[in-house]
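The residues making up each chain are set out below.
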Amino acid sequence: MVTTAHSARISQDAAIVSKAAVRAAERLDIPGRIFAAIIGVSEATVSRMKTGEFALDRDRNAFQLSLLFVRLYRSLDAIVGGNAAAAASWFKSHNTALDARPVDAVQSISGLVHVIDYLDSRRAPL
């Protein structure tokens, strides 16, 4: 049985992840339509997320993809030392190791995971 407290916690988690994903997209200077493609929602949904009118459902793929996107952002942010301009520039520039622009690659699930793996490998070289 789901308690009211449990339900409230689920709603709070959804709001936190939604807000974090939107902020990451903004810091990377990603247009709403591209961010929508990355997390698999409509551009209108992204617009509602930005205003706080909509929070992602934990049981939907968009929630999981948003978590991955936030993870990508955090890895990149750590690499560039918090420099949002450098992060946005890297995200939109061709990367020879990925053989793509990260902004293009992350619009598929496999590409998103691949870019995260790449960033994680750059953060902790052997």
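Here the structure is a predicted model, which means the values were calculated and not measured.

Let us look at the overall build of the protein chain. Helix and strand counts for the protein chain come out as seven helices and zero strands. For the protein chain, with 126 residues in total, the buried portion stands at 35%. Considering only residue pairs separated by 6 or more positions, the protein chain has 57% of its internal contacts joining residues 24 or more positions apart. Accessible area of the protein chain: about 7,300 Å², with a carbon and sulfur share of 51%.

Residues Leu 28, Ile 30, Phe 35, Phe 69, Leu 72 and Phe 91 are the most contacted members of the largest nonpolar core, which totals 34 residues. At the level of secondary structure, the elements contributing two or more residues to this core comprise α1 (4-27), α2 (32-39), α3 (43-51), α4 (61-79), α5 (84-92), α6 (102-105) and α7 (109-123).

Under the counting rule described, the total for this entry stands at three aromatic pairs. When the ring of Phe 69 is compared with that of Phe 91, the centres are 6.5 Å apart and the planes differ by 75°; the resulting orientation is edge-to-face. Residue Phe 69 is found in helix α4, and its partner Phe 91 is found in helix α5; the two are separated by 22 residues along the sequence. By the burial criterion, Phe 69 is buried, and Phe 91 matches it. Centroid distance Trp 90 to Tyr 118: 6.3 Å. Interplanar angle 5°. Geometry classified as stacked. Pair noted here: Trp 90 is in helix α5 and Tyr 118 is in helix α7, with a separation of 28 residues, a long-range link. Taken together, Phe 35, Phe 69 and Phe 91 form an aromatic cluster joined through their ring pairs.

We now examine the pattern of salt bridges. Inspection of every chain in the model, using the stated rule, returns four salt bridges. For Asp 120, the salt bridge is made with Arg 71, and the minimal N-O distance between the two is 2.4 Å. Here the residue Asp 120 occupies a position in helix α7, and Arg 71 occupies one in helix α4, the gap between them amounting to 49 residues. Between Arg 101 and Asp 104 there is a salt bridge, with its nearest N and O atoms 2.9 Å apart. Residue classification places Arg 101 among the partly exposed positions, given a relative accessible area of 34%. Overall, Asp 104 belongs to the partly exposed group, its relative accessible area being 39%.

Analysis parameters
Every chain begins its residue count from 1, and numbering advances along the sequence as written. At least 70 in pLDDT is required for a residue's local features to be given in this predicted model, at least 80 for side-chain atom pairs to be given and counted, and no such filter applies to totals for whole chains, interfaces and linings, which use all residues. Heavy atoms from the whole structure form the basis of all side-chain values; hydrogens and water molecules are not counted. Under the DSSP-based scheme used, a helix requires at least four consecutive residues in state H or I and a strand at least two consecutive residues in state E, with every element numbered from the N terminus. Summary of the burial criterion: residues with accessible area below 20% of their type's maximum are buried, those above 50% are exposed, and those between are partly exposed, where the area comes from a 1.4 Å probe applied to protein chains only. Here a residue-residue contact requires only that any non-hydrogen atoms of the pair lie within 4.5 Å. Computed by Shrake-Rupley with a 1.4 Å probe, the accessible areas treat only the displayed protein chains as cover when residues are assessed. By convention a nonpolar core is built from buried Ala, Val, Leu, Ile, Met, Phe, Trp, Tyr and Cys residues, the set being connected through side-chain atoms within 4.5 Å. Each Phe, Tyr or Trp ring, with Trp reduced to its six-membered ring, pairs with another whose centre is within 6.5 Å; inter-plane angles below 30 degrees give stacked pairs, above 60 give edge-to-face pairs, and intermediate values give tilted ones. Salt bridges are counted wherever a side-chain nitrogen of Lys or Arg sits within 4 Å of a carboxyl oxygen of Asp or Glu.

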